[in-house]
Amino acid sequence: MNTTEKFLDTTVKFINLVAKVLPDDVVERLKELRENETVAMSKAIYDSMFENLDKAVSLDRPICQDTGVIQFYVRVGTKFPLIDEIGDLLYKATLEATETVPLRHNAVETFVEKNTGTNTGKKVPYIDYEIVPNSSNLEMDVYMAGGGCSLPGRSTVMMPSAGYEGIAAFVADTMVNWGINACPPLVIGVGIGTCVASAAKLAKKASLRRVGSRNPEPKAAEMEEALEKALGNIGIGAQGLPGKSGVMCVNIENMARHPSALGAAVSFGCWAHRRGTISFDKNMDYTLLDHKGVTL
Amino acid sequence: MNNKILTTPISDEDVKSLKIGDIVYLNGTLVTCRDTGHKRRVLSGIVPRTDLKGGAVFHAGPIVKKVGDKWEMVSIGPTTSMRMEKFEKEFMEITGAKIIIGKGGMGEKTVRGCVENKAVHAVFPGGCAVVAAAEVLEITDAEWLDLGMPEAFWVMEVKEFGPLIISIDTEGNNLFENNKEIYKESMEKEMAELSKKLKYMNY
Ligand code: SF4
């Protein structure tokens with residue numbers, strides 16, 4: 001197998017894994033939430049979720065029928081040997097995985113308004129690139145963006161006088177009004193930026209950060225914890241029915257802003273948070289960062 | 001709470017006794033129908049072969065696989081019911097479906113539909129698609145395949161399909177709407193407390 005084939009083959013297998021096995025940090029947190037749950041209805045739902053995770057492995061099937069729009073967040077070294085081919089290869093890997101996993105056909109061409117039937121389309125799979133200078137490696141997150149959890153995402157620009165409490169209120173309002181249909185317990189990614197686009201991008205990045213990780217800026221970390229607690233206390237449990245806590249985590253990503261603008265966005269992940277991170281070296285040998293002890 | 005099994009065709013009597021929060025399981029025929037299917041049924045006059053009188057409808061877009069000349073259910077789970085709010089009432093009126101299964105709550109119009117047509121809305125735990133697929137005995141028919149795999153009209157035989165938590169009953173009680181009020185109240189309390197801690201702006 002040459003390096004191109006090796007990259008393609010590994011990526012297809014990795015997409016398969018992400019569809020069927022949740023990352024370690026998510027499973028850990030779900031276990032914790034299940035143990036802490038006291039409301040009967042919410043407990044019953046956690047039981048179904050864990051039965052489902054077991055069956056996904058034993059029957060070799062995707063955890064959720066909505067295998068989402070496939071998204072790749074790529075951090076590519078400028079010296080990575082396949083840098084010119086990544087886009088094509090990720091497209092091919094998506095096509096192939098759609099057949100073999102199998103994945104649901106989730107690409108509807110806009111304006112034409114027709115399902116392409118291949119799970120690919122214009123800019124789908126969605127690929128986000130970051131350049132890493134002087135590196136010959138590639139690291140990427142694969143994420144399956146389900147419809148239910150994509151639906152409640154929101155981005156806005158506030159006047160700075162709204163303050164961080166304004167951002168918190170925006171996030172809480174979005175969660176209570178729309179997020180409850182996104183299969184809680186939820187991963188809540190918050191972006192604080194300078195315009196609608198930068199905030200949205202940061203919110204997405206935040207939602208892809210590991211559960212339990214903290215923003216290095218102490219005040220941001222403090223806000224993550226405080227918001228996590230407050231949203232948890234609302235009393236929304238699994239599936240938006242009453243329960244102990246419907247929050248898996250609150251992750252915040254931030255940047256500098258224009259003096260007159262405070263961009264804020266929120267992006268949700270559902271309990272079936274199908275995210276995985278893989279890194280390739282220049283020989284296309286891989287390491288799995290979120291699925292310890294798994295070989296593809 | 002009472003746990004019970006509903007068998008299709010479901011009668012008015014069967015559903016009248018159900019209250020929000022009850023957990024039920026389904027035996028018999030279940031069909032999938034979601035966004036475009038609802039729109040087609042209500043607006044176009046195209047009628048599927050499968051009769052839905054007393055039937056059970058699932059807001060779901062499954063993953064299916066063709067094995068020989070049969071379809072096999074790989075993975076099936078509920079999708080957000082609210083997206084069907086616009087057409088559900090008319091859909092119930094035209095078809096006579098008795099239980100609508102999905103994810104999350106539905107609105108005022110569907111509540112009226114449930115009261116007038118003696119029908120209920122129930123939720124299946126979202127994302128538990130392998131559990132659900134294991135409760136599907138077989139796919140007996142596939143209609144409207146031109147709409148694509150998620151939107152097609154899949155007809156299935158199911159056994160003890162659930163848990164289904166009743167979220168709108170025939171008396172017009174709405175579990176999710178009731179909860180929403182409670183959540184909103186506690187959200188305001190929590191946010192008032194939290195905002196004291198988030199005074200990071202300089203002045
Ligand atoms: S929100 Fe997530 S778990 Fe729920 S149906 Fe969508 S993809 Fe599946």
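These figures come from a predicted structure and were not determined experimentally.

Draft legend 1. A look at the overall build of chain A. When helices and strands are counted, chain A shows eight helices and eleven strands. Relative to the compact-globule value of 19 Å for 296 residues, chain A shows a C-alpha radius of gyration of 19 Å, a close match. Dimensions of chain A, computed from C-alpha atoms along their principal axes, come out at roughly 55 × 50 × 40 Å. Among the 296 residues that make up chain A, the fraction classed as buried is 57%. Contacts in chain A between residues at least 24 apart in sequence constitute 79% of all its contacts with a sequence separation of at least 6. When the accessible area of chain A is evaluated, it comes to approximately 11,800 Å², of which 54% is carbon and sulfur surface. In chain A, the 31 positive side-chain charges and the 35 negative ones have mean positions that sit 2 Å from each other.

Draft legend 2. Structural detail: the sheet that holds strand 7 (residues 186-193) of chain A. Residue and element names in this part refer to chain A. Spatially, four strands are ordered 6-9-7-8 in an open sheet, and the strand pairing comes out mixed. The open sheet terminates on both sides in strands that have one partner only, identified here as strand 6 (154-158) and strand 8 (247-254). Here the strands of the sheet are splayed against their neighbours by 15° on average, with no regard to which way each runs. This element, helix 8 (residues 218-232), spans strand 7 and strand 8 of the sheet and lies at about 150° to strand 8.

Draft legend 3. Structural context of the pairing of strand 7 of chain A. Residues and elements named next belong to chain A. Along strand 7, eight of the eight residues are buried, which leaves the element largely enclosed by surrounding structure. Side-chain alternation along strand 7 places L186, I188, V190 and I192 on one buried face and V187, G189, G191 and G193 on a second face that is also buried. Sheet topology note: the strand 7/strand 8 ladder contains seven bridges and is parallel. Pairing of G191 across the sheet is with E253, part of strand 8. Across seven bridges, the pairing between strand 7 and strand 9 (residues 262-269) is antiparallel. Residue V190 lies in a different strand from strand 9, and its bridge partner there is V266.

Draft legend 4. Representation of the interface of chain A and chain B. Taken residue by residue, the interface counts 54 residues in chain A and 49 residues in chain B. Summed over both partners, the interface of chain A with chain B buries about 4,300 Å², with 68% contributed by carbon and sulfur atoms. Contact with chain B buries surface across chain A, with R61(A), Q65(A) and N181(A) losing the most and accounting together for 15% of the total. Where chain A packs against chain B, one counts one salt bridge. Of the charged contacts in the structure, one is a salt bridge between E165(A) and K199(B), with a shortest N-O distance of 2.8 Å. Linking chain A with chain B are 20 residue pairs in polar contact (both at pLDDT 80 or more), by the criterion used here. When residues of the side of chain A that touches chain B are traced back to their parent elements, those giving at least two are helix 3 (40-58), strand 3 (114-115), helix 6 (163-177) and helix 8 of chain A.

Draft legend 5. Representation of a negative patch on the surface. All names here are of chain B. A cluster of acidic residues, E108, E177, E181, E185 and E188, forms a negative patch on the protein surface. With four residues, the single largest contributor to the negative patch is helix 6 (residues 175-197). Summarising the element assignment, E185 is placed in helix 6.

Draft legend 6. Structural context of the site of the ligand. By nearness alone, 14 residues border the ligand, and C64(A), C183(A), C270(A), R274(A) and K103(B) come closest of all. In this structure, the ligand sits where chains A and B come together, each supplying nearby residues. Of the residues assigned to the shell around the ligand, the class counts are eight nonpolar, three polar and three charged. Three or more residues apiece are contributed to the shell around the ligand by two domains, here domain 1 (3-20 + 63-146 + 274-288) and domain 2 (149-269) of chain A.

Draft legend 7. Focus on the domain arrangement of chain A. All names here are of chain A. When the domains of chain A are assigned, the result is domain 1 (3-20 + 63-146 + 274-288) and domain 2 (149-269). Placing a centre on the C-alpha atoms of domain 1 and another on those of domain 2 gives a separation of 26 Å. Across the contact, ten residues belong to domain 1 and eleven residues belong to domain 2. Between domain 1 and domain 2 lies a buried interface of about 850 Å² when both sides are counted; carbon and sulfur atoms form 48% of it. Where domain 1 meets domain 2, there are three salt bridges. Across the salt bridge formed by D128 and K205, the nearest N and O atoms sit 3.8 Å from each other. Inspection of the region where domain 1 meets domain 2 yields four residue pairs in polar contact (both at pLDDT 80 or more). Secondary structure elements with two or more residues in the side of domain 1 that touches domain 2: strand 1 (69-77), strand 4 (126-132), strand 5 (138-145) and strand 10 (275-280). Among the elements that line the side of domain 1 that touches domain 2, the one with the most residues is strand 5, at three residues. For the side of domain 1 that touches domain 2, the per-class residue count stands at three nonpolar, three polar and four charged.

Draft legend 8. Highlighting the pattern of salt bridges. Tallying each qualifying case throughout the model produces 36 salt bridges over all chains. Where D141(A) meets R75(A), a salt bridge forms, and the shortest distance between an N and an O atom there is 3.0 Å. Residue D141(A) is located in strand 5, and its partner R75(A) is located in strand 1; the two are separated by 66 residues in the primary sequence. Here the two residues D141(A) and R75(A) agree in accessibility, since each one is buried. The residue E151(B) makes a salt bridge to R34(B) at a minimum N-O spacing of 3.5 Å. Taken together, the positions of E151(B) in the loop between strand 8 (136-143) and strand 9 (153-168) and R34(B) in the loop between strand 2 (23-32) and helix 2 (35-43) put the pair 117 residues apart, joining distant regions of the chain. Taken as a pair, E151(B) and R34(B) share a single burial class, namely buried. One network of salt bridges, in which partners are shared, links R209(A), R214(A), E224(A), E225(A), E228(A) and E253(A).

Calculation notes
- Residues numbered from 1 in each chain as written.
- Chains lettered and ligands numbered in written order.
- Predicted model: local features only at pLDDT ≥ 70, side-chain atom pairs only at ≥ 80, totals over all residues.
- Heavy atoms only, no water.
- Helix = DSSP H or I, 4+ residues; strand = E, 2+ residues; numbered from the N terminus.
- Rg over C-alpha atoms; globule rule 2.2 N^0.38 Å.
- Buried < 20%, exposed > 50% of the residue type's maximum accessible area, 1.4 Å probe, protein only.
- Contact = heavy atoms within 4.5 Å.
- Areas by Shrake-Rupley, 256 points an atom, 1.4 Å probe, with all protein chains shown as cover.
- Lys, Arg positive; Asp, Glu negative; His and termini not counted.
- Charge placed at Lys NZ, Arg CZ, Asp CG, Glu CD.
- Pairing = 2+ DSSP bridges.
- Axes fitted to C-alpha atoms, helices over the stretch in contact; angles between N-to-C directions.
- Buried area = accessible area lost by both parts, 1.4 Å probe.
- Salt bridge = Lys/Arg side-chain N within 4 Å of Asp/Glu carboxyl O.
- Polar contact = N/O pair within 3.5 Å; in protein donor to acceptor, adjacent residues only side chain to side chain.
- Patch = residues over 30% accessible without salt bridge, like charges linked within 9 Å, V, L, I, M, F, W, Y side chains within 5 Å.
- Near = heavy atom within 4 Å.
- Nonpolar A, V, L, I, M, F, W, Y, C, P; charged D, E, K, R; others polar.
- Domains from an automatic or database assignment.

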